[in-house]
Amino acid sequence: QQQVKQSPQSLIVQKGGISIINCAYENTAFDYFPWYQQFPGKGPALLIAIRPDVSEKKEGRFTISFNKSAKQFSLHIMDSQPGDSATYFCAASTGGSSASKIIFGSGTRLSIRP
Amino acid sequence: DAGVTQSPTHLIKTRGQQVTLRCSPKSGHDTVSWYQQALGQGPQFIFQYYEEEERQRGNFPDRFSGHQFPNYSSELNVNALLLGDSALYLCASSPRGGRQETQYFGPGTRLLVL
């Protein structure tokens with residue numbers, strides 16, 4: 001119930017292409033769905049997040065699509081660039097506050113080929 | 001603003017030893033959460049401290065303990081180290097009463113148990 005399942009485990013995309021990472025969850029109490037980006041030797045950094053009252057959120061080249069009925073959400077990276085090469089984690093939490101623990105997916109290692 | 005800082009950056013220990021990791025939260029933050037990130041996995045919540053008390057705990061044994069000091073900095077202690085404790089240990093800080101997106105992660109301490 002507390003798991004967030006993420007796929008694929010790794011992804012290679014050509015420069016300028018679209019990168020798509022998918023996640024699924026079971027716990028309907030989750031009310032916050034962030035995506036984190038992690039570079040080697042660094043901690044995860046919040047990239048973009050969505051709440052279940054909207055179906056899509058876009059920030060620059062990054063878009064989250066959210067399907068509440070299917071309990072799935074995905075990250076789309078448009079015009080992927082070599083600098084986007086990193087590990088991406090979907091996550092979820094409940095409680096609505098900064099004290100809420102974050103449940104992470106297993107991660108997707110994204111490589112953008114020049 | 002220095003952000004979340006952690007020390008040491010790397011540490012090597014042997015089985016059965018004890019280790020202490022340290023975290024200084026971002027300025028203005030008073031809540032500290034600790035996560036364990038095994039190689040190739042997403043971070044897993046260990047516990048959270050505010051007002052110098054453990055407030056939430058994940059599914060980790062009692063060998064994992066912590067402390068928060070009056071200046072909001074925190075320590076993670078692991079006793080009787082096992083090979084499986086080798087991981088990146090992340091600290092995240094947040095302000096009490098803040099929203100979920102106000103959690104910031106430090107760069108982590110990489111622990112290797114031989």
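Please refer to the structure higher up on the page.
Residues numbered from 1 in each chain as written. Chains lettered and ligands numbered in written order. Predicted model: local features only at pLDDT ≥ 70, side-chain atom pairs only at ≥ 80, totals over all residues. Heavy atoms only, no water.

*Asks:* For the overall build of chain B, give the residues involved together with the corresponding values.
*Replies:* What chain B contains, in helices and strands, is zero helices and eleven strands. Each helix and strand of chain B, ordered N terminal to C terminal, gives the series β-β-β-β-β-β-β-β-β-β-β. The C-alpha radius of gyration computed for chain B amounts to 13 Å, which stays within 12% of the reference 13 Å derived for 114 residues, consistent with globular compactness. C-alpha extents for chain B along the principal axes are approximately 40 × 25 × 25 Å. In chain B, the proportion of contacts linking residues at least 24 apart, taken out of those at least 6 apart, comes to 53%. When the accessible surface of chain B is split by element, carbon and sulfur atoms take 48% of a total near 5,500 Å². The positive charge centre, built from 10 side chains, and the negative charge centre, built from 10, are 8 Å apart in chain B. (Helix = DSSP H or I, 4+ residues; strand = E, 2+ residues; numbered from the N terminus. Rg over C-alpha atoms; globule rule 2.2 N^0.38 Å. Contact = heavy atoms within 4.5 Å. Areas by Shrake-Rupley, 256 points an atom, 1.4 Å probe, with all protein chains shown as cover. Lys, Arg positive; Asp, Glu negative; His and termini not counted. Charge placed at Lys NZ, Arg CZ, Asp CG, Glu CD.)

*Asks:* Please give an account of the overall build of chain A that cites residues and values.
*Replies:* Scanning chain A for helices and strands turns up zero helices and eleven strands. Counting helices and strands in the order they occur from the N terminus, chain A gives β-β-β-β-β-β-β-β-β-β-β. Here the C-alpha radius of gyration of chain A, 13 Å, is about what a compact globule of 114 residues would show, namely 13 Å. If one aligns the C-alpha atoms of chain A with their principal axes, the spans along those axes are about 40 × 30 × 20 Å. By sequence separation, contacts in chain A at least 24 residues apart represent 54% of the contacts at least 6 residues apart.

*Asks:* Requested: an account of the nonpolar core, with residues and values cited.
*Replies:* Nonpolar side chains tend to gather and get buried jointly when the protein is soluble and globular. Of all hydrophobic cores here, the largest spans 25 residues; its most connected members are A:Val4, A:Phe33, A:Trp35, A:Phe73, A:Leu75 and A:Tyr88. Counting only elements with at least two residues in this core, the list comes to β2 (10–14), β3 (19–25), β4 (33–38), β5 (45–50), β7 (62–67), β8 (72–77), β9 (86–92) and β11 (108–113) of chain A. If you tally residues by element for this core, the top one is β9(A), at four residues. What A:Tyr88 contacts, discounting residues up to four positions off in sequence, is A:Gln6, A:Ile21, A:Tyr36, A:Gln37, A:Leu47, A:Leu75, A:Ile77, A:Gly107, A:Thr108 and A:Leu110. Core analysis: the second largest hydrophobic core is formed by 20 residues, B:Tyr49, B:Leu81, B:Ala87 and B:Tyr89 among them. (Core = buried A, V, L, I, M, F, W, Y, C linked by side-chain atoms within 4.5 Å. Buried < 20%, exposed > 50% of the residue type's maximum accessible area, 1.4 Å probe, protein only.)

*Asks:* Give me the lowdown on the environment of B:Glu53, citing residues and values where you can.
*Replies:* Residue and element names in this part refer to chain B. Relative to the assigned elements, Glu-53 resides in strand β6 (residues 53–57). According to the relative accessible area criterion, Glu-53 is partly exposed, its value standing at 45%. C-alpha separation for the pair Glu-53 and Phe-69, spaced 16 residues apart in sequence, amounts to 9.4 Å.

*Asks:* Explain the sheet that holds strand β1 (residues 5–7) of chain B residue by residue, including any values.
*Replies:* Residue and element names in this part refer to chain B. Ordered by their spatial adjacency, four strands build an open sheet running β1-β3-β8-β7, and the pairing between neighbours is antiparallel. The open sheet has two edge strands with one neighbour each: β1 and β7 (64–68). With strand direction ignored, the average angle separating the axes of adjacent strands in the sheet is 20 degrees. Examined bridge by bridge, β1 and strand β3 (residues 19–24) share three bridges and lie antiparallel to one another. (Pairing = 2+ DSSP bridges. Axes fitted to C-alpha atoms, helices over the stretch in contact; angles between N-to-C directions.)

*Asks:* Which residues make up the state of the cysteines, and what values go with them?
*Replies:* Disulfides are covalent bonds that link the sulfur atoms of two cysteine residues. Per the counting criterion, the structure on display carries two disulfides over all chains. Disulfide partner of A:Cys23: A:Cys90, at an S-S distance of 1.8 Å. Because the torsion about its S-S bond is -95 degrees, the bridge between A:Cys23 and A:Cys90 counts as left-handed. Note that A:Cys23 is positioned in strand β3 and A:Cys90 in strand β9, a separation of 67 residues in sequence. This pair shows no difference in class: A:Cys23 is buried, exactly as A:Cys90 is. Residue pairing for B:Cys23: its cysteine sulfur links by disulfide to B:Cys91, the two sulfurs lying 1.8 Å apart. Disulfide B:Cys23-B:Cys91: torsion about the S-S bond near -55 degrees, hence left-handed. (Disulfide = S-S within 2.5 Å.)

What is shown is where atoms sit, not what they do.
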